[in-house]
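Structural overview
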Amino acid sequence: MGADHTPKIAGTVWGLLVLNTLGSAGAKTIVPLPRSLIQLVTMGALIAAFTLALALNVRLRIRPSAFLFLLTLLLVSSVISSAHLESGLGALFRCVRLTLFVGTLWLLSRWWDGGLTFVRHHIRMYFAVLGSVAAGLVVSPGAAMPDLYGGRLVGALWPLTPPQIGQYAAVITGLTVLLVLGRRTDRASAAVVIVPSIVLLALTHTRTATLGLLMGLALAIGSLFLTSAAARRFFTWAVLCSAVAAAALGSVLEAWFLRGQSQENFSNLTGRAKVWDALLAAPRSTSEQLFGVGLGDKSFGGLPIDNSWLAVYQEQGLTGVALVAAIIIVLGGVALLRPPSLSRACAIFLISYCAIASYTEAGLGDASPYLLHLTVAAALLATPAQATTPATPEVPRRHIPHWARRSEVT
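Below you will find a few notes about this structure. Just so we're clear, the structure is a prediction, and the values are computed from it rather than from any experiment.

**A short note on the overall build of the protein**
- What the protein contains, in helices and strands, is 18 helices and two strands.
- In the protein, which comprises 410 residues, the proportion classed as buried is 46%.
- For the protein, long-range pairs separated by at least 24 residues make up 77% of all intrachain contacts whose partners lie at least 6 apart in sequence.
- Roughly 20,100 Å² of accessible area belongs to the protein as shown, and the carbon and sulfur atoms make up 68% of that amount.

**Description of helix 9 (residues 207–224)**
- Under the 1.5 Å per step criterion, the end-to-end length of helix 9 is 26 Å for 18 residues, consistent within 8% with the ideal 26 Å.
- All of the buried residues along helix 9 are Arg207, Thr208, Ala209, Thr210, Gly212, Leu213, Gly216, Leu217, Ala220, Ile221, Ser223 and Leu224.

**Side note on unusual backbone geometry**
- Phi angles above zero are rare outside glycine, and His205 is one such case at about 55°.
- Structurally, His205 is set in the loop between helix 8 (187–204) and helix 9.
- The backbone phi angle of Lys298 is positive, close to 60°, even though this residue is not glycine.
- Residue placement: Lys298 occurs in the loop between helix 14 (286–291) and strand 1 (299–300).

**Some thoughts on helix 1 (residues 9–20)**
- Over its twelve residues, helix 1 runs 17 Å from end to end, which matches the ideal 16 Å to within 8%, given 1.5 Å per residue.
- Taken across its twelve residues, helix 1 has nine buried, putting it largely inside the fold.
- For helix 1, every residue scored as buried is listed here: Ala10, Gly11, Val13, Trp14, Gly15, Leu16, Leu17, Val18 and Asn20.
- As for helix 1, its buried residues are in contact with helix 2 (35–56), helix 4 (89–108), helix 5 (117–139) and helix 17 (369–381).

**Some points on a nonpolar patch on the surface**
- On the surface, Ile30, Val31, Leu33, Leu37, Leu40, Val41, Val138, Val139 and Leu157 cluster together into a nonpolar patch covering about 780 Å² of accessible area.
- Listed by contribution, the elements that provide at least two residues to the nonpolar patch are helix 2 and helix 5.
- A total of three residues in the nonpolar patch trace back to one element, the largest contributor, which is helix 2.

**Some remarks on the environment of Ser78**
- Its place among the elements puts Ser78 in helix 3 (residues 66–82).
- Each C-alpha atom of the pair Ser78 and Gly320 lies 7.8 Å from the other, and the pair is 242 residues apart in sequence.
- Residues within four places of Ser78 in sequence aside, it is in contact with Cys95, Leu98, Leu295 and Gln316.

What counts, and at which threshold
Residues numbered from 1 in each chain as written. Predicted model: local features only at pLDDT ≥ 70, side-chain atom pairs only at ≥ 80, totals over all residues. Heavy atoms only, no water. Helix = DSSP H or I, 4+ residues; strand = E, 2+ residues; numbered from the N terminus. Buried < 20%, exposed > 50% of the residue type's maximum accessible area, 1.4 Å probe, protein only. Contact = heavy atoms within 4.5 Å. Areas by Shrake-Rupley, 256 points an atom, 1.4 Å probe, with all protein chains shown as cover. Expected span 1.5 Å × (residues − 1). Patch = residues over 30% accessible without salt bridge, like charges linked within 9 Å, V, L, I, M, F, W, Y side chains within 5 Å. Salt bridge = Lys/Arg side-chain N within 4 Å of Asp/Glu carboxyl O.

None of this, on its own, says anything about what the molecule does.
Here it is as structure tokens:
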């Protein structure tokens, strides 16, 4: 059997996974939403996603996947580290969540065929999330750009932080640009996604997302440079426009990039470096070094870690760090071995974006948008299942006596 046509309800499952990974912590919303209610909605979305995926794939047909195998090993490592309850009962709850998350991805793997189906689902879902952000900005600009976050854009209808909004805007902008270059969408439809996404990204003042978008696109377009005239033209125009913008708007861009911070605050990454140094200096037992202290809220000493590698080291130990590194290396290696194509370029963009963002954002070791980005990359790099036709049974030859053969000849 060849790869099955992806059912439309798979898009619903993907949307529920996106909803689950939006999180429950963020800015104050226009209508106050109790955190317990938000957690109920997000966890309910995950349970619904798993149930629908199971209903779609009731025969449990899955694709072999090194990505999902490594993710399953990371889940096992998380259960081992969380069983000691050093992070409390919440660690076991997070393990259950990660189990449902990974299980849903296994069930969806049946429809991974190297096509762009999940890319389109990804863009639609996150564009809908950005639509809620834009609606909040229109309804209440003060709540959407509060002083608490230095005037940066936040989610006023659903609690979203500036880095989250910047991440979503950067990812769907990059993917849509690549679809245009690959002539898989028209420019008018692409502009509807790209223009508002870039505006929202600029309002978040998120440096990590901006650098991830630029560097990810550079690598992705570079992979198409020798085979796509459109990619070459886009790259040339992008370089020229960047040079002109840097010369004419250098001071404005520098002010946007610094966000009014002092050089000292900027050099220690807005206080992140102090948390990282304290985390690395903390005494640990051999067990904690190997397996961590269990899944938590990605914080240390009450402050966010904001680094995927250190967050994984804290919660899943060196074992978790090795598995996350293996996931990035395997996906990147497979992408490099694939022949140039639009699917490969999109995968390279997503992998490189996650790798870049991992330095100042946490999420690679738990159910998060970053794992969804990498899942889309894995789906893009999957080879289509070869169609096989049932072999025609060989009809046994009838034995003809020797005397009959002679009579036929005569």
